[in-house]
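Read off the chains here:
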Amino acid sequence: MTDMYIQTDLSDLPDERGYFGEFGGRFVPETIIPALDELEAAYAEAMADPAFHRELSHLQRTYTGRPTPISYARRLSEALGGARIYLKREDLAHTGAHKINNALGQGLLAKRMGKRRIIAETGAGQHGVGTATAMALLGLECHVYMGTVDIRRQQPNVFRMKLLGAEVIPVTSGSRTLKDAINEAMRDWVTNVETTFYLLGSALGPHPYPKMVRDFQSVIGAEAREQIQTLTGQLPEACIACVGGGSNAIGLFHAFRDDENTELIGVEAGGRGIESSEHAARFADLDISRPGILHGTRSFVMQNEDGQIMKTHSVSAGLDYPSVGPEHAHLRQLERAYYTMATDEEALEAFQVLSKMEGIIPALESAHAVAEAIKRAPTMPRDSVLLVNLSGRGDKDLDTVIGLLDD
Amino acid sequence: MTRHQHGTAAIEAMFARAKTEKRAAFLPYFCIGYPDLRESLRAIEAAAALGVDGFEIGMPFSDPIADGPTIQAATQIALDNGTTVRQCLAAVRTLREKGIHQPMLMMGYANPLVAYGADRFVRDARAAGADGLIVPDLPPEEAALFADSCAREGMALIFFLAPTSNDERIALATANATGFIYVVSLTGITGARKDLPIYLTDYIARLRAKTDMPLVLGFGISTPEHARQLRRLTDGFIVASALIRAWERGFDNMHALTGEIFAAIRDN
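What you see is a predicted model, and the numbers here were worked out from it, not measured in a lab.

A. Seen up close, the overall build of chain B. A tally of helices and strands in chain B yields twelve helices and eight strands. Scaling as 2.2 N^0.38, a compact globule of 268 residues should have a C-alpha radius of gyration of about 18 Å, and chain B matches this with 17 Å. If one aligns the C-alpha atoms of chain B with their principal axes, the spans along those axes are about 45 × 40 × 35 Å. Here chain B holds 268 residues, and the buried ones make up 63% of them.

Listed below in structure tokens is the structure:
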């Protein structure tokens, strides 16, 4: 394997204005536009510098534990009696989720830019933990915004962030979840832009974040594409990943984008079901979701008819977000990727099935992707391969799941 | 007074008039639907009767990233009261029917306007009697959404400059601007502040050297003393959070502050 895992192709999207087709762009207050320009320039410079790639690659090997393996889910596959299911084990990355890939990449960039104060938002807490970890490693100051609803349901990660030396700032505005944590982080950045690096955790927000986060997560797909061929001698029939903002999904999909026979499947949070309107399935419920502008980017946004952002629901904090990364909106429009959803109930079922049959407790987010594999595998022939991104481990979700299973 | 001019021309006339009085123009901000629809209209009528120069008419949004706690809370109350874009346009029409002649600039985040339909919004706002549009999350590079329709309707499309704006940004904003440049006083979000930034004179001078566009200062301007400091420095200024905070102690208290700020730029 090569050292140049961070994949970026300048002929690729986004265009120079940060657009993936009609999605993306930069809808933010003027105050932070110069900071986005500075970030874009510093990122381009870093990507052109082999030393940056070497440093990140070194940390990925010696700190994160990359490459993460691919596991064959033998008992699950045999029980379902169809396609063979393989799991890309991002849960085995240090801190227990794919979020560390981006946190380390942006962290190194922040250090290179001479920024000492780092802010981040977090939903499930995985990006917060990833960022707090990377900042402890790099010796930078770290402040994480987190909605109080998420603080309650992801307690272990709150303790973890504090232990790692980060300040966790509770957000009490709006729905008190990921959306509101991003609002507060953006307000902090507008105020402290000259000293502060905003380490955004998903492939969304104003340009260049959707591109930069994708590039830092593209290590997932780059590794997986080689590994699956080594293990099975073939490319997968489909790649499956959960989609909140969509960073683990775009990280997996990117390497397969030109493999026409590999279907790319994103799984959104169906919450209590589409008919309940309590979900975060931006692509599934076109009555309340349509192209709009939130957090600096044009993408699909769950909103009422007057353009006010809707409250969302998902059992998994990491998918509980009313918009989605602009590149996903573009891939969907091109029909290059297909988006479906799994309900809370289906995700909880998949959470237990994977635990019992494979000895792997998945994050509730990742359990949505597993749920789709469970639906699909029996309909496919035995010689076909499904590649599921197991984006994180479920230890953080035990309280939530115990509470729900007791009910 | 009847309205002889509309849109960008009305805004230009507003600055010309203030200039003859050797003072900055005062544009208070009121959010439609805060504390309720009727009271927000009453506040605008009362300020208009004082003779203030123009208005920033706020349209609420659920996720106002450029706003501090005061405006966040006020606009959330407006949303809880069921305020819609359509209602905000109807409010402007009502105010015009009541004879309010001052320029009115509609201020709202991009998403509700896009949901309404960008072109349709500009057309309907103009028909209702609005003169300009302020969208805090619309930098000049994304202006295409509104630029053509604003030009067609003669509506001013306002862009921002901030202390972080470099020469390139200043050139881009001034090349695209109509009406005036909204000068953000500080690196930060909206909200009342105790003092104006110490660098203000240099900052305004730096912008003056680059453009002849009227400069309207906003963010943090809170007191009659601030207004006095700005009287000869800028072409105009906006007061928002301070009025909402004063309103917490009653309409009369808010109205009194509006009057004191306006008086502060007129006495010599």
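B. Main features of the overall build of chain A. When helices and strands are counted, chain A shows 15 helices and 14 strands. At 19 Å, chain A has a C-alpha radius of gyration in line with the 22 Å of a compact globule built from 407 residues. Here chain A holds 407 residues, and the buried ones make up 67% of them. The contacts of chain A with a sequence gap of at least 6 include a subset with a gap of at least 24, amounting to 74%. With the model as given, the accessible surface of chain A reaches about 13,700 Å², and the carbon-plus-sulfur share is 51%. Positive and negative charge centroids in chain A, built from 40 and 55 side chains respectively, lie 4 Å apart.

C. Up close: the side chain of N248 of chain A. Of note, N248 of chain A is situated in helix α11 (residues 247–253). Residues within four places of N248 of chain A in sequence aside, it is in contact with H98, I220, A241, C242, N389 and S391 of chain A.

D. Inspection of the interface of chain B and chain A at higher detail. Listed as interface residues are 36 residues of chain B and, on the opposing side, 34 residues of chain A. Here chain B packs against chain A, burying approximately 2,800 Å² in sum over the two surfaces, 51% of which is carbon and sulfur. The largest contributions to the chain B side of the interface with chain A come from I65, N111 and E142 of chain B, which together make up 23% of the buried area. The interface formed by chain B and chain A contains three salt bridges. Note that D63 of chain B is salt-bridged to K179 of chain A, the shortest N-O span being 2.7 Å. Here chain B and chain A share 20 residue pairs in polar contact (both at pLDDT 80 or more) between them. Those elements giving two or more residues to the side of chain B that touches chain A turn out to be α3 (69–80), α5 (110–116) and β5 (156–161) of chain B. It is α5 of chain B that contributes the most residues to the side of chain B that touches chain A, five residues altogether. When its residues are assigned to classes, the side of chain B that touches chain A shows 21 nonpolar, nine polar and six charged.

E. Broad picture of the nonpolar core. Ranked by size, the top nonpolar core spans 103 residues in total, and within it F55, M106, F121, L133, F146 and F237 of chain B carry the most contacts. Leave out the neighbours within four places in its chain, and F121 of chain B touches M59, V85, L89, M106, L113, Y116 and L133 of chain B. Counting 65 residues, the second-largest nonpolar core is a separate cluster that includes L39, C142, A166 and L294 of chain A.

F. View of a nonpolar patch on the surface. Residue and element names in this part refer to chain A. Taken together, the side chains of I361, L398 and I402 present a nonpolar region at the surface, about 240 Å² in accessible area. Tracing the sequence through the fold places I361 in the loop between α13 (344–358) and α14 (364–376). The exposure class assigned to I361 is partly exposed, which follows from its relative accessible area of 38%.

G. Looking closely at the pairing of strand β9 (residues 238–242) of chain A. All names here are of chain A. Of all five residues in β9, five are buried, a share of seventy percent or more. Residues of β9 alternate between two faces, with A238, I240 and C242 on one and C239 and A241 on the opposite face, all of them buried. Viewed along the sheet, the connection from β9 through α11 into strand β10 (residues 263–271) turns out right-handed. Looking at chain direction, β9 and strand β14 (residues 385–390) are connected through three bridges and run parallel. Bridge pairing in β14 places A238 opposite L386.

Rules used in this analysis
Residues numbered from 1 in each chain as written. Chains lettered and ligands numbered in written order. Predicted model: local features only at pLDDT ≥ 70, side-chain atom pairs only at ≥ 80, totals over all residues. Heavy atoms only, no water. Helix = DSSP H or I, 4+ residues; strand = E, 2+ residues; numbered from the N terminus. Rg over C-alpha atoms; globule rule 2.2 N^0.38 Å. Buried < 20%, exposed > 50% of the residue type's maximum accessible area, 1.4 Å probe, protein only. Contact = heavy atoms within 4.5 Å. Areas by Shrake-Rupley, 256 points an atom, 1.4 Å probe, with all protein chains shown as cover. Lys, Arg positive; Asp, Glu negative; His and termini not counted. Charge placed at Lys NZ, Arg CZ, Asp CG, Glu CD. Buried area = accessible area lost by both parts, 1.4 Å probe. Salt bridge = Lys/Arg side-chain N within 4 Å of Asp/Glu carboxyl O. Polar contact = N/O pair within 3.5 Å; in protein donor to acceptor, adjacent residues only side chain to side chain. Nonpolar A, V, L, I, M, F, W, Y, C, P; charged D, E, K, R; others polar. Core = buried A, V, L, I, M, F, W, Y, C linked by side-chain atoms within 4.5 Å. Patch = residues over 30% accessible without salt bridge, like charges linked within 9 Å, V, L, I, M, F, W, Y side chains within 5 Å. Right-handed = clockwise from strand over helix to strand, strands pointing away. Pairing = 2+ DSSP bridges.

Everything listed here is a matter of coordinates, which is why it stays silent on function.
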